[in-house]
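# An overview of the molecular structure
Here is how the chains run, residue by residue.
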Amino acid sequence: MLKYLIIKLCDTAPSFCHYYNPNNVKNLMTFETLKESILFGMKENLNIQFLYPDYELPTEYKEEIDKVDHTDIVSFWNKDKELLEKAEIVVIDSWHDVTKHLNGVQSYILRTSKDDFFKNYKVLMEVLLIVQRINIVFTDISECNKEDLDKYKNILEEISDFIAKEYISAKTPQTNILTDRFLLKSMNNCNAGDEVITVAPDGKFYVCPAFYLYEEKDEGNLRDGLKVRNSQLYKLSHAPICRQCDAYQCKRCVWLNKQMTLEVNTPSREQCVIAHLERNQTRKLLQQIRVHGIFMPEIEIPEINYLDPFDKIVR
Ligand code: SF4
């Protein structure tokens, strides 16, 4: 069931996720399309999320947007300071001076390459002292090799030790890579194409902004309606590997799936190993915290002997 509508206001609206946005030519959604998009979201009773370009929108756009309940997703470089201050989600794509720009109110998404993460991860521990929540999103998972995955495993251990100390002293920093799995008893994926759909500046629907940017076919439009082709393939129930998996914090990114396996419902080994390294380290983090007292007794993360659920299935 559809729950969220992402309204990508301009072609230049920065990425908040795994995909890279190569567009720098302004192509703002027409005011008419904006109104139709909002109307669609209201009629379908969807949670509306606006993805903003970095330049300030015309006043009439801002007024129209403020008429409806919504979530603002902006990049840290947004020139509209008022919007930047009130936005629920701020996307940062550089580690440079990152701690200087943060506050304890907003949620952050830090888009990073694996190598920048390996170089700068210690900064993340400073960041976790400031912010309530930060999501780490890798921009080059397809380039991960065994050495990278081993490095990631070791770094997760180090960050986990830090987070354990914070939890033991009653602080609760949150990050998707280590604490989300604490709270989950079932899959909490991106669900693009199933629970989430994107309307782009051309007034057409796409599985997510990445599908719009990479010339994927549309899934209908505001005039003729939403028609997701092969919609069952975006559902967890039709993802044979993922539906047997308990790395509940994984995004199950259908765009990365398609990029790396040519199938929207089939993840690559790299995606699965990364999600299972995170899942296994969260299991250890729970144990570290529980040495000091009762902590989330209702959550149990069983020990497993695989990092890729595909190995479990083919065994
Ligand atoms: S499918 Fe979801 S996780 Fe993947 S790039 Fe799109 S929004 Fe991000």
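Provided above is the structure to which this section pertains.
Since this is a predicted model, take the numbers as computed values, not measurements. (Residues numbered from 1 in each chain as written. Predicted model: local features only at pLDDT ≥ 70, side-chain atom pairs only at ≥ 80, totals over all residues. Heavy atoms only, no water.)

As a further point, take a nonpolar patch on the surface. A grouping of Phe310, Ile313 and Val314 is seen on the molecular surface, where their side chains present a nonpolar patch of about 260 Å² in accessible area. Checked against the element boundaries, Phe310 lands in helix α10 (residues 309–314). (Patch = residues over 30% accessible without salt bridge, like charges linked within 9 Å, V, L, I, M, F, W, Y side chains within 5 Å. Areas by Shrake-Rupley, 256 points an atom, 1.4 Å probe, with all protein chains shown as cover. Salt bridge = Lys/Arg side-chain N within 4 Å of Asp/Glu carboxyl O. Helix = DSSP H or I, 4+ residues; strand = E, 2+ residues; numbered from the N terminus.)

Here strand β3 (residues 71–75) pairs with strand β4 (residues 89–92) via three bridges, running parallel. Residue pairing across strands places Val74 opposite Val90, the latter belonging to β4. Between β3 and its parallel partner β4, the chain crosses via helix α3 (residues 81–86), and the hand of that crossover is right-handed. (Pairing = 2+ DSSP bridges. Right-handed = clockwise from strand over helix to strand, strands pointing away.)

On to the state of the cysteines. Across all of its chains, the model carries zero disulfides by this definition. Summary of cysteine pairing: Cys272 is not part of a disulfide, and the nearest cysteine sulfur, belonging to Cys242, is at 6.1 Å. Among the residues examined, Cys272 registers a relative accessible area of 8% and is labelled buried. (Disulfide = S-S within 2.5 Å. Buried < 20%, exposed > 50% of the residue type's maximum accessible area, 1.4 Å probe, protein only.)

The next point concerns the site of the ligand. Every residue near the ligand is listed here: Cys17, His18, Tyr19, Cys190, Ala192, Cys208, Lys251, Cys253, Val254 and Trp255. Here the residues of the shell around the ligand sort into eight nonpolar, one polar and one charged. (Near = heavy atom within 4 Å. Nonpolar A, V, L, I, M, F, W, Y, C, P; charged D, E, K, R; others polar.)

So, about the sheet that holds strand β8 (residues 196–199). Strand order in the open sheet formed by nine strands is β7-β6-β5-β4-β3-β2-β1-β8-β9, and the pairing between neighbours is mixed. The sheet terminates laterally at β7 (174–175) and β9 (205–206), the two strands that pair on one side only. Where strand β1 (residues 4–8) lies against strand β2 (residues 47–51), five bridges are found, and the strand directions are parallel. When the bridges of β2 are listed, Tyr4 appears paired with Asn47. Its contacts with the sheet place helix α4 (residues 114–130) against β5 (107–112), β6 (133–138) and β7, and it is angled at close to 180° to β6. (Contact = heavy atoms within 4.5 Å. Axes fitted to C-alpha atoms, helices over the stretch in contact; angles between N-to-C directions.)

Take the side chain of Thr179 next. As for its placement among the helices and strands, Thr179 is situated in the loop between β7 and α6 (180–183). Residue class for Thr179 comes out buried when judged on its relative accessible area of 1%.

Here the structure, examined in full by the defined rule, presents 23 salt bridges. Where Lys171 meets Glu166, a salt bridge forms, and the shortest distance between an N and an O atom there is 3.8 Å. Judged by its relative accessible area of 43%, Lys171 is partly exposed. Among the ionic pairs, Asp224 bridges to Arg223, the shortest N-O distance being 3.3 Å.

How two aromatic rings sit relative to each other is set out by the distance from centre to centre and by the angle between their planes. Going through the model one piece at a time under the given rule, you end up with 16 aromatic pairs. Summarising the aromatic geometry, the rings of Phe40 and Phe205 are spaced 4.8 Å apart at their centres and angled 50° between planes, so their arrangement reads as tilted. One end of the pair, Phe40, is in helix α1 (residues 31–43); the other, Phe205, is in strand β9, with 165 residues separating them in the sequence. For Phe40, a relative accessible area of 13% puts it in the buried group. Take Phe205: its relative accessible area is 0%, and that puts it in the buried class. Here Lys26 stacks its cationic end above the ring of Tyr55, 4.4 Å away from the centre of that ring. (Phe/Tyr/Trp six-rings, centres within 6.5 Å; stacked < 30°, edge-to-face > 60°. Lys NZ or Arg CZ within 6 Å of the ring centre and 35° of its normal.)

With that settled, consider the nonpolar core. If you look at the biggest cluster of nonpolar residues, it comprises 98 residues, and the most contacted ones within it are Leu9, Phe50, Phe117, Leu124 and Ile159. Top contributing element to this core by residue count: helix α5 (residues 146–168), with nine residues. Among the nonpolar cores identified, the runner-up in size contains six residues, and Leu184, Met187, Cys245 and Ala247 belong to it. (Core = buried A, V, L, I, M, F, W, Y, C linked by side-chain atoms within 4.5 Å.)

Moving on, we come to the packing of α4 against α5. Packing of α4 against α5 leaves a shortest axis separation of 11 Å and a crossing angle of 5°. Accordingly, the angle class assigned to the pair α4 and α5 is roughly parallel. Within the contact between the two elements, α4 uses Lys114, Asp115, Phe117, Phe118, Tyr121, Lys122, Leu124, Met125, Leu128 and Leu129 and α5 uses Asp148, Lys151, Tyr152, Ile155, Glu158, Ile159, Phe162, Ile163 and Glu166. In terms of residue class, the contact of α4 with α5 is made up of twelve nonpolar, no polar and seven charged. (Parallel < 35°, antiparallel > 145°, perpendicular 65-115°, else oblique.)

Turning our eyes to something else, we now look at the environment of Asn145. In this fold, Asn145 is placed in the loop between β6 and α5. For Asn145, a relative accessible area of 37% corresponds to the partly exposed category. Between the C-alpha atom of Asn145 and that of Glu270, which follows or precedes it by 125 residues, the distance is 7.9 Å. For Asn145, the side chain forms a polar contact with the main-chain nitrogen of Asp148, separated by 2.8 Å. (Polar contact = N/O pair within 3.5 Å; in protein donor to acceptor, adjacent residues only side chain to side chain.)

Turning next to unusual backbone geometry. Phi is positive for Ala170, close to 65°, though the residue is something other than glycine. With respect to the helices and strands, the residue Ala170 is situated in the loop between α5 and β7. According to the relative accessible area criterion, Ala170 is exposed, its value standing at 67%. Phi angles above zero are rare outside glycine, and Met296 is one such case at about 45°. For Met296, the position within the fold is in the loop between α9 (269–290) and α10. Overall, the relative accessible area of 18% leaves Met296 in the buried class.

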